[in-house]
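# Results of the structural survey
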Amino acid sequence: MIQGFKEFVTKGNVIDLAVAVVIGTAFTAIVNAVVSSIINPLVAMVFKADEAGKFGFTVRNIYDDPVTFPIGELLSAVITFFAVAIVVYFVFVVPMNTYKERKAAKNPAVDEETLPTEQELLIEIRDLLRRDAGTR
């Protein structure tokens, strides 16, 4: 059981995943800082922000108290998600795909459709054996 876990952990995938999670967490903090310091003030220029810096629409409840739906938090979360997704795509996915394409161009994979069937290989082997037997 311990040996199986050791093999699982020592495979590159687990280590790569752990590194990706740590980098993703650190990167999310950067994106959150950019959103809160740049994007939110830009959005606040368009929408009226309340004293907590949140904006949204206000309705009255059954006791005639104001209830604010903080659309600003939702908008901030959506902007943060798309910012992270865009940066991850262009910083990690596009270069990795380019790398894989270049690697595949240097080492083209064998296309299974072009491989001969077993029967074709056996016929070729038979013909080679007959030819070699005839030359001796």
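## What to know about the overall build of the chain
Each helix and strand counted, the chain has 4 helices and 2 strands in total. Moving toward the C terminus, one meets the helices and strands of the chain in the order α-α-β-β-α-α. Within the chain, buried positions represent 6% of all 136 residues. The contacts of the chain with a sequence gap of at least 6 include a subset with a gap of at least 24, amounting to 32%. In the structure as shown, the chain presents an accessible area of about 11800 Å², 66% of it carried by carbon and sulfur atoms.

## Looking at the pattern of salt bridges
Enumeration over the complete set of coordinates arrives at 3 salt bridges. A salt bridge links Asp127 to Arg126; the nearest nitrogen and oxygen atoms lie 3.2 Å apart. Here Arg126 falls in the partly exposed class, since its relative accessible area comes to 39%. With a shortest N-O distance of 3.9 Å, Asp132 and Arg131 are connected by a salt bridge. Classification of Asp132 by relative accessible area gives partly exposed; the value is 35%.

## Here's the deal with the confidence of the model for the chain
With 81% of its residues at a pLDDT of 70 or more, the chain has an overall mean of 78. Predicted confidence in the chain is weakest over helix H1 (residues 2-10), with a mean pLDDT of 71, and strongest over helix H4 (residues 118-135), with 87.

## Quick notes on helix H3 (residues 71-106)
Here H3 is 36 residues long and its end C-alpha atoms lie 51 Å apart, about the 52 Å a rise of 1.5 Å per residue gives. Along its length, H3 reaches its greatest deviation from straightness, about 35 degrees, at Tyr89. Looking at H3, one finds that the buried residues are Gly72, Ser76, Thr80 and Val84.

## Considering unusual backbone geometry
Of note, Asp64 is a non-glycine position whose phi angle comes to about 65 degrees, a positive value. Its relative accessible area of 52% is what places Asp64 among the exposed residues.

## What about the pairing of strand S1 (residues 57-60)?
Across 4 bridges, the pairing between S1 and strand S2 (residues 66-69) is antiparallel. Looking at the pairing, Phe57 lines up with Phe69 of S2. Adjacent in sequence and paired antiparallel, S1 and S2 are bridged by 5 residues, among which Asp64 carries a positive phi angle near 65 degrees.

## Description of the environment of Gly24
Assignment of secondary structure puts Gly24 in helix H2 (residues 12-46). Given a relative accessible area of 29%, Gly24 falls into the partly exposed group. A C-alpha to C-alpha distance of 8.8 Å links Gly24 and Val88, two positions 64 residues apart in sequence.

## Here we look at the packing of aromatic side chains
Enumeration according to the criterion identifies 2 aromatic pairs in this entry. Relative to Phe82, the ring of Phe81 has its centre 5.4 Å away and its plane inclined at 70 degrees; by these criteria the two rings are edge-to-face. According to the relative accessible area criterion, Phe81 is exposed, its value standing at 56%. Centroid distance Tyr89 to Phe90: 5.1 Å. Interplanar angle 80 degrees. Geometry classified as edge-to-face. For Tyr89, a relative accessible area of 42% translates into the label partly exposed.

Criteria and cut-off values
- Residues numbered from 1 in each chain as written.
- Predicted model: local features only at pLDDT ≥ 70, side-chain atom pairs only at ≥ 80, totals over all residues.
- Heavy atoms only, no water.
- Helix = DSSP H or I, 4+ residues; strand = E, 2+ residues; numbered from the N terminus.
- Buried < 20%, exposed > 50% of the residue type's maximum accessible area, 1.4 Å probe, protein only.
- Contact = heavy atoms within 4.5 Å.
- Areas by Shrake-Rupley, 256 points an atom, 1.4 Å probe, with all protein chains shown as cover.
- Salt bridge = Lys/Arg side-chain N within 4 Å of Asp/Glu carboxyl O.
- pLDDT = per-residue confidence, 0-100.
- Expected span 1.5 Å × (residues − 1).
- Bend = angle between axes of the 7 residues up to and from the residue.
- Pairing = 2+ DSSP bridges.
- Phe/Tyr/Trp six-rings, centres within 6.5 Å; stacked < 30°, edge-to-face > 60°.

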